[in-house]
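These are the residues of each chain, in order.
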Amino acid sequence: MPPVSHHSGPPGPPAPPLSLAQVEAIARAAHAGQTDKAGRPYAEHLRAVAEGVRRRGGDDEQIAAAWLHDAVEDDALTERWLDEAPLSRRTKDIVLALTKRAGEPPEAYAARILATPGARLVKEADLAHNADPARLAVLDEATRTRLAEKYTRMRALLGQD
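Presented here is a report on the structure given in the accompanying data block. (Residues numbered from 1 in each chain as written. Predicted model: local features only at pLDDT ≥ 70, side-chain atom pairs only at ≥ 80, totals over all residues. Heavy atoms only, no water.)

**Details of the overall build of the protein chain**
Note the following rule: Put simply, DSSP H or I for four residues or longer makes a helix, DSSP E for two residues or longer makes a strand, and each gets a number counted from the N terminus. Each residue gets one of three labels from its accessible area relative to the maximum for its type: buried under 20%, exposed over 50%, partly exposed in between, using a 1.4 Å probe on protein chains only. Residues are treated as being in contact if the distance between any of their heavy atoms lies within 4.5 Å. To be clear on the numbers: accessible area is Shrake-Rupley with a 1.4 Å probe, and residue cover counts the displayed protein chains and nothing else. By the counting rule applied here, Lys and Arg register as positive and Asp and Glu as negative, while His and the ends of each chain are not counted. Working definition for charges: the position is that of NZ of Lys, CZ of Arg, CG of Asp or CD of Glu.
When helices and strands are counted, the protein chain shows nine helices and zero strands. Along the protein chain, helices (α) and strands (β) appear in the sequence α-α-α-α-α-α-α-α-α when read from the amino end. A principal-axis box enclosing the C-alpha atoms of the protein chain has dimensions of 70 × 35 × 30 Å. When each of the 161 residues of the protein chain is scored for burial, the buried share is 37%. If you take every contact in the protein chain between residues at least 6 apart in sequence, the share linking residues at least 24 apart comes to 59%. Carbon and sulfur atoms make up 55% of the accessible area of the protein chain, which amounts to about 9,200 Å² in all. Side chains of the protein chain carry 22 positive and 24 negative charges; the gap between the two charge centres is 1 Å.

**Digging into helix α7 (residues 119-130)**
Counting along an α-helix, one turn takes 3.6 residues, and residues three or four places apart therefore face a common direction. Quick note on the threshold: To estimate the expected span of a helix, count its residues, drop one, and scale the result by 1.5 Å.
In this model α7 runs 16 Å from its N-terminal to its C-terminal C-alpha over 12 residues, within 8% of the 16 Å that 1.5 Å per residue would give. Most of α7 sits inside the fold, with 10 of its 12 residues counted as buried. Among the residues of α7, A119, L121, V122, K123, E124, A125, D126, L127, H129 and N130 are the ones counted as buried. Here the buried face of α7 lies against α2 (42-55), α3 (60-68), α5 (89-98), α6 (106-115), α8 (133-136) and α9 (141-157).

**Here's the deal with the nonpolar core**
As a reminder, the rule being used: We define a nonpolar core as any set of buried Ala, Val, Leu, Ile, Met, Phe, Trp, Tyr and Cys residues linked to one another through side-chain atoms lying within 4.5 Å.
Ranked by internal contacts, the top residues of the largest apolar core, which has 38 residues, are V53, W67, L68 and V122. Looking at this core, the elements with two or more residues in it are α1 (20-30), α2, α3, α5, α6, α7 and α9. Considering every element that reaches this core, the biggest residue donor is α3, with six residues. In this view, V122 contacts V49, V53, Q62, A65, A66, H69, I94 and L98; residues no more than four positions away in its chain are not counted.

**Topic: the side chain of K123**
Spelled out, the test is: Polar contact is the term for a pair of N or O atoms within 3.5 Å; when the atoms are in protein, one must be able to donate a hydrogen and the other to accept it, and sequence-neighboring residues count only if both atoms are side-chain atoms.
As for its position among the elements, K123 is in helix α7. By relative accessible area, which is 5% here, K123 ends up buried. Polar side-chain contacts of K123 include one of 3.2 Å to the side chain of Y109. Once you skip the residues sitting within four places of it in the chain, K123 turns out to touch L98, K100, Y109, I113, M154 and L158.

**Points about the side chain of D126**
With respect to the secondary-structure elements, D126 resides in helix α7. Within the local environment of D126, its side chain forms a polar contact with the side chain of K123, the two groups lying 3.0 Å apart. Discounting residues that sit within four places of it in the chain, D126 has contacts with H45, V49 and H69.

**Remarks on unusual backbone geometry**
Although it is not a glycine, D75 sits at a positive phi angle of roughly 60°. Take D75: it is sitting in the loop between α3 and α4 (79-84). On the accessibility criterion, D75 (69% relative accessible area) is exposed.

See the structure below:
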């Protein structure tokens, strides 16, 4: 009997979409061992952004994107993984919009976020947590000043000031 090929014939039914709990578990595993600038486990930032999206009235697609918002940029997950993952097109588009490209000017990054439905709310939650005075307080003054200026500029580019 010939071996069964998994690549012939009509495709099977699409995989059911990942639940938020599954997305959270994938994001936590992808970022395992990573820490933020303050030395805290990176998953704390992801959880804070997801909660910030929820508090701002974001939907499940935006919350899923919040969990994954840094995964491709940080090389925790590949763009191919994202493309093939059983996630909504909107969630994927938000993650890609929030993925900074090497050498990309902040104006181009902000324009892409503003042009992607649902992405601005996720970035607002990300910036709010990044700019949290309690998080910034543990950093040296030069880093704190540089980051505060960076976050203020991005908020202005996104029309949040």
